[in-house]
Amino acid sequence: PPPPPRRFFAGWGIPLLVATMLGANGYVAVAQQARPGATTAGSGPAQGAIPSDPCQYPQECAPPTATTGNLLSNASFETVINCRCPQPRNMANTTTTKVCSWTDANNTRSDIYATCATGSTNASVYYYGAPDNYFGTQASRAGGNAYLGVMAYSPGGTANDRRSYANTMLAAPLAAGRTYYAEYYASLAEIAQLKVNSLGFAATVGYPGQNTDGLLGVSAVSDASAVLSDRSGWQVVRGTFVAQGGENSFTLGYFEPTAVTAPVAGATPSAYASVQGLAYYYLDDALLMAVPRAGASFSTTNCSTATVLPVDGLALPASSGATYRWTSSTDPAFVLTTLAASVSPSVSTTYTLAVSIPGQPTTTSSVTVFVNCCYNAQTPGIVTISGTRFASSFQFAAGQRYFVSGNLLLLGGAYTIPAGCNVCVAAGVKIEVVGATLTLAGGTLTAACGQMWDGLYIQNGSDFISQAGGSPSRNAEISYATAGLVLMGGGLNNNTTAFAVANTNFLHNYESLNLRDLTRTGTVSNCVFDSDPVAMLSPYALVSSTSYTHTLRHVVCTNAANVAPNGVQVVLSSNTFKRAMFGVWVGPGAPAPVLRANQFTGNFVAGAYSNAPYAGQIEMSGNVFRLPTPAVNTDNPPQLNQAYALAPGSDRQEAYGVLASGPGVYRSSGNQFRGPAVINIYSDLRPTYRQLGLSASAATPSTGAISFADNFCQHLYEGMRLQLKSNSNITGNTFRQCVVGLHLLGPGAGGPPNRHQVQCNTFLMGGAALVSANSPRGILIDANYPVELTGQLGGTGAAALLKNNFDSSTFGDLYNNIVHVWNDPSNPPFYYDTFYCVRYGSSSPFYDPLVVQNVSVQSSAGSFFVPVAGSNGNDCPHDGYPSAGIRARSALVPLSPGSVGGTSLEIAAPNPAHDQAIIAYRIAPVDVAQDLTLVVRSLLSGTIVREVKLDARRNAVAVPVADLPEGAYVYSLLVNGRPAATHRLMVSR
């Protein structure tokens, strides 16, 4: 008889029929065949009584749960319902459920096979028995009673009916950035004459969508190493992947875009069907688990009791072949190979967990145990001091531990705290230096127990030097203090001796470095400023996940004495400012420090903030500002409102690289401002949390024009927000994927138009779906702010051309549907003098006109190309494209998506290293826009000796080690401050 409608049949099995050949229409040519063997109800193995109508007793599936770490419910497919109902066992048939929690992802022909179907008199049932069934003979793996079957590929199927998949919803959505391990087992069916080159799996948000030839249009993990020709046994298919976040659907099957099949010898007919030219597999025992990683960092004051390191996640099953290895940042001999590791650290230590799975990238994660051993006067070998000390009768000794029980005054002469000397200060106690010089030469000033001490005060008339010391060299340290280091007034005897703070770690202080009422210059260089809420001590200790404290301000500049700091210059260079409300905070009338080549990372209100500083224009060059994610803002700890109150003009829903207010502003050149991730500039909604690169308001320098040149802004809501009350130079900047590149914020109505040189800037933006009130804009000019944009202040003619480059072709949008220059309609229109061509593509010359609002575009050239540099000054001196005129500098290119796998780090070469070590790395696509740092630490002390920002476009970095002492080090790749991989490095000569 002719076949019934195709949708009612599972796999390639036709009830009471056996396929012998494929017809031209894709159906199976059939011949009737009786079922051999038992023909009476109940003759199958241990089936019990069968009701006359088995479909009148429907069963229901329980909702999916994750009780053993496996996110897949019914993962061995044992819970089969309506097993004897005389219907196709096709999982795509939605009229009757077949197997709990699983269905077909392609509405084609995935099947469920179970022992409960054996013994039926109905072919619609017994074709789907186990171990014997339509496609062959296979016992369930591990003694089970059921398994699935999928058509990996059928060359003769119809255009959209060549593959089938098994799909299930997950018990919980996957976490962004988390590594997951998946496995299942496959066996090639006896009648299948073909095999595929891989099987795999895919995690998606929602039900996956079908592509051509039955292929699902999803990003999948394929295991090409699996043996896919075994008909008798079960072969594992496995792999790991990093979740994007929110995936709640999981699919098994064949995902190669171009099908690769091969003939396999040994195909034999089943009891019901002849061999067929297709690739069909049985599947059993699926698993999806989060790869375990180190848990949350924690602090302890009990240094004698062993503790088990926290682990996030359960151990993977033995079938995965996973091995575990813990190492320590302070003990090179420390190795534990069990997931549950018991430790007893005596100093703050970072423990790194490496999880290795055969054939997969090793994943690493770390937990830090912040150790604050309690010291007091009864501690054996400790020296207790307080009161007044004179240099002639007291000096700190290397290798000695001191307990400062009460306020300590160091009076007259010179004092040194050498490397290996630990000064432990009781709660609330301060140390003052009066009429003396104190050198912190690699020594440590820290809290004695679980409460923070006050701080180190260098009073007016005293001097201070901080530097590394010892052999091997060790950074000095000031930690767990409320006020940190306080430098008051002038130098010794009020002279102009400069202070010097270098190679010093300021860790977990409420405020780290206070510069008060300075009348002398000084430098702060190569220092690390960092805080972790877990490490903070009372009264700022972590209370809960939404009530905690970071450092409030790393560097504080104040002028409470209202002393005119004439000629005072403080230079902050090559420092790292991490995880504080403010990296640098400058109050009214205080000398604003020069900022050179510093790294600002994750400072939740502003990397640098200044409010009406004393100086006019302050240099800010070569700094990198990496703005934070909304995490802390979302947590809303109580301290956050207090921090925003310290920054007049700030917005509670914004974070700033630099926030400057008042006539004295930073003169910004060569700085980078980067958002935490790729920003969606297409959204027509204003985000609830916005990252801004540089925001300056009420800026009126005493002389000359304000300069903002050669800066780079990427993935920000606004690159620069400038309220300029006098002329300015805004030249050579690059704005990449910012909702607003340059925002000119007016000071109010009245007065003549301000003239700003806005020239040779690059706006790489990508198109917007709509031109609306919130659509992306290259240059945005606010209401009530009449301006003139010019290529040269005071210039005329060709030199005054506006040579800005607006380019969205980088992002594949040839329509350039952004607003290039928006002048609020409340302002008078102005002329925008530029070239005839306003954009020049490197591969194809696109000559799109400017998209403007309330602006008249004036063209100075009648042709697409303009004269080369030197003929009339039409070319930007730094662009590298002299014949293109307005083509700006090459911008950073994001990493192309690579193969599936996580961010990884390779072994250094050579290792041991002599002068430099070449360290290769790979950045996974999910991490491309994150904060990527390579940190090198001493293995013995844990001190950071190198910190290098990594470029996601590259795959290796050269790390100089010629100046490092011989010995053992560890280097880690940090993603947003969290180690992604760690290896050891030896320095030897």
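Just so you know, these numbers come straight off a predicted model, no measurement behind them. Here, residues in each chain are numbered from 1, in the same order as that chain's written sequence. Whole-chain, interface and lining totals are the exception, using all residues; otherwise, since this is a predicted model, local features are given only for residues with pLDDT of at least 70 and side-chain atom pairs are given and counted only at 80 or more. In computing side-chain properties, one takes all heavy atoms of the structure into account and sets aside hydrogens as well as water.

Caption draft 1: View of the overall build of the protein. Put simply, DSSP H or I for four residues or longer makes a helix, DSSP E for two residues or longer makes a strand, and each gets a number counted from the N terminus. In terms of regular secondary structure, the protein is built from three helices and 76 strands. Contacts are assigned to residue pairs that have any heavy atoms within 4.5 Å of one another. Taking as baseline every contact in the protein between residues at least 6 positions apart, the subset at least 24 positions apart corresponds to 71%. Carbon and sulfur atoms make up 53% of the accessible area of the protein, which totals about 36,700 Å². We get accessible surface area from the Shrake-Rupley algorithm with a probe of 1.4 Å; when it comes to residues, only the shown protein chains can shield them.

Caption draft 2: Highlighting the sheet that holds strand β16 (residues 279-290). Strand order in this open sheet of five strands is β4-β7-β16-β9-β13, and the pairing throughout is antiparallel. Either end of the sheet is taken by a strand with one partner, and the two such strands are β4 (111-114) and β13 (235-242). Sheet twist, expressed as the mean angle between neighbouring strand axes with direction ignored, is 35°. When DSSP finds at least two bridges between two strands, those strands are taken to pair. Interaxial angle, 0 to 180 degrees, is taken between N-to-C directions of lines fitted to C-alpha atoms, where a helix line uses only the stretch in contact.

Caption draft 3: Examining the sheet that holds strand β12 (residues 221-223) more closely. Spatial ordering of the open sheet is given by β3-β8-β14-β11-β12, a layout of five strands whose pairing is antiparallel. Both edges of this open sheet fall to β3 (102-104) and β12, since each of them pairs with a single strand only. Going across the sheet, the axis of each strand differs from the next one's by a mean of 25°, ignoring polarity. Pairing geometry for strand β11 (residues 199-204) and β12, over three bridges, is antiparallel. Bridging across to β12, Leu 199 finds its partner in Asp 223.

Caption draft 4: Region of the structure containing the pattern of salt bridges. Salt bridges are defined by distance alone: a side-chain nitrogen of Lys or Arg within 4 Å of a carboxyl oxygen of Asp or Glu. If you walk through the whole model with that rule in mind, you get 12 salt bridges. A salt bridge links Asp 312 to Arg 293, with the nearest nitrogen and oxygen atoms 3.1 Å apart. With Asp 312 in strand β20 (residues 311-312) and Arg 293 in strand β17 (residues 293-294), this residue pair connects regions lying 19 residues apart in the sequence. Arg 690 is paired through a salt bridge with Glu 654; the nearest N and O atoms lie 3.1 Å apart. Here Glu 654 lies in strand β51 (residues 654-661) and Arg 690 lies in strand β54 (residues 690-699), a separation of 36 residues in the sequence. The rule is simple: take the accessible area with a 1.4 Å probe, protein chains only, and divide by the maximum for that residue type; under 20% is buried, over 50% is exposed, in between is partly exposed. By relative accessible area, which is 5% here, Arg 690 ends up buried. For Glu 654, a relative accessible area of 2% translates into the label buried. Counted as one network, the salt bridges with shared partners bring together Asp 651, Glu 654, Arg 690, Glu 718 and Arg 721.

Caption draft 5: How the structure looks around the side chain of Gln 639. Following the sequence through the fold, Gln 639 ends up in helix α3 (residues 639-645). Apart from residues lying up to four places away in sequence, Gln 639 is in contact with Tyr 510, Tyr 548, Thr 549, His 550, Thr 551, Leu 552 and Met 581.

Caption draft 6: Looking closely at the state of the cysteines. Cysteine sulfur pairs qualify as disulfides if the two atoms are within 2.5 Å. Tallied over the entire structure, the rule returns two disulfides. In this model, Cys 303 is linked to Cys 373 through a disulfide, with the two sulfur atoms separated by 1.9 Å. One quick way to see it: the torsion about the S-S bond of Cys 303 and Cys 373 is about -120°, and its sign makes the bridge left-handed. Taken together, the residues span a long stretch of sequence, with Cys 303 in the loop between β18 (298-300) and β19 (307-308) and Cys 373 in the loop between β25 (363-371) and β26 (383-390) at a distance of 70 residues. The class for Cys 373 is buried, based on a relative accessible area of 12%. The disulfide that involves Cys 374 links it to Cys 449, with 1.8 Å between the sulfurs. Taking the sign of the S-S torsion, 45° for the link of Cys 374 and Cys 449, the bridge is right-handed.

Caption draft 7: Main features of the pairing of strand β75 (residues 967-975). Counting buried positions over the nine residues of β75 gives seven, a clear majority of the element. In the sheet, strand β72 (residues 932-938) pairs with β75 via seven bridges, with the strands oriented antiparallel. Looking at β75, one finds that Arg 937 is bridged to Val 970. Direction of pairing for β75 relative to strand β76 (residues 978-987): antiparallel, over a ladder of nine bridges. Across the sheet, Gly 967 pairs through a bridge with Val 987, a residue of β76. Connecting β75 to the antiparallel partner β76 that follows it, the hairpin turn spans two residues, and Asn 976 within it adopts a positive phi of roughly 55°.

Caption draft 8: Representation of the nonpolar core in the model. Side-chain atoms within 4.5 Å are what join buried Ala, Val, Leu, Ile, Met, Phe, Trp, Tyr and Cys residues into a set we call a nonpolar core. One finds Val 423, Ile 431, Leu 456, Leu 485, Leu 722, Leu 742 and Leu 789 to be the most contacted residues of the largest nonpolar core, which totals 149 residues. Non-local contacts of Leu 722, meaning those with residues more than four positions away in its chain, are made with Leu 694, Ala 696, Phe 708, Ile 730, Leu 742, His 743, Leu 744 and Leu 745. Judged by nonpolar contacts, the second largest core, of 66 residues, contains Trp 102, Ala 152, Ala 192 and Ala 286.

Caption draft 9: Region of the structure containing the confidence of the model for the protein. pLDDT measures the predictor's confidence residue by residue and takes values from 0 up to 100. Looking at the protein, the pLDDT average stands at 80 and 78% of residues meet or exceed 70. Counted against residues more than four places away or in other chains, residues 1-52, with its pLDDT under 50, gives 110 contacts. Low confidence marks residues 810-816, where pLDDT is under 50. Its contacts with residues over four positions away, or in another chain, come to 21 contacts.

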